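Fold and geometry: a report
Okay, here's what each chain looks like letter by letter:
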Amino acid sequence: MANSKQARKRARQAEGRRVLKASQRAMVRTYLKRVIKAIQGGDHAEAMSQFKQAQPVIDRIADKDVLSKKKAARIKSRLNKRIKALAA
């Protein structure tokens, strides 16, 4: 347990960040699930529109260091590859 005033404040700040980041990660997962559902449905146009909505959200979360930039790029790349496979 934090004993000093400074340590108590840092603990409060860490908890606040943890809650916020958890919420942001959940939002990203929701957008990803929408894209994956459209891909599994076989609808290229719907998958593309969902992907276009998800892309800025993923980038924004990566900028805030909730996801690493490399992981965000990897997620987008893999989704895009699956969407392109639908068109072929």
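What you see is a predicted model, and the numbers here were worked out from it, not measured in a lab. Per chain, the residues get numbers from 1 upward, laid out in the order the sequence is written. Note on the predicted model: pLDDT of at least 70 is required for a residue's local features to be given, and 80 or more for side-chain atom pairs to be given and counted; whole-chain, interface and lining totals, by contrast, use all residues. Hydrogens and waters are ignored; side-chain quantities use all the structure's heavy atoms.

Structural notes on the environment of Gly41
- Secondary structure follows DSSP: runs of H or I at least 4 residues long count as helices, runs of E at least 2 residues long count as strands, and numbering of each begins at the N terminus. Within the secondary structure, Gly41 is located in helix H1 (residues 5–41).
- Each residue gets one of three labels from its accessible area relative to the maximum for its type: buried under 20%, exposed over 50%, partly exposed in between, using a 1.4 Å probe on protein chains only. For Gly41, a relative accessible area of 61% corresponds to the exposed category.
- Gly41 sits 44 residues away from Ala85 along the chain, and the two C-alpha atoms are 13 Å apart.

Focus: unusual backbone geometry
- Positioned with a positive phi, Asp65 is a non-glycine residue whose angle comes to about 65°.
- Tracing the backbone through its elements, the reader meets Asp65 in the loop between helix H2 (44–63) and helix H3 (69–87).

Some remarks on the packing of aromatic side chains
- By convention, a stacked pair of Phe, Tyr or Trp rings (six-membered ring in the case of Trp) has centres within 6.5 Å and planes under 30 degrees apart, an edge-to-face pair has planes over 60 apart, and any other such pair is tilted. Under the definition given, this model contains zero aromatic pairs.
- Here the basic side chain of Arg34 rests over the ring of Tyr31, its NZ or CZ set 5.0 Å away from the ring centre. The criterion is that NZ of a Lys, or CZ of an Arg, lies within 6 Å of the ring centre and within 35 degrees of the ring normal, and then a charge sits over that ring.

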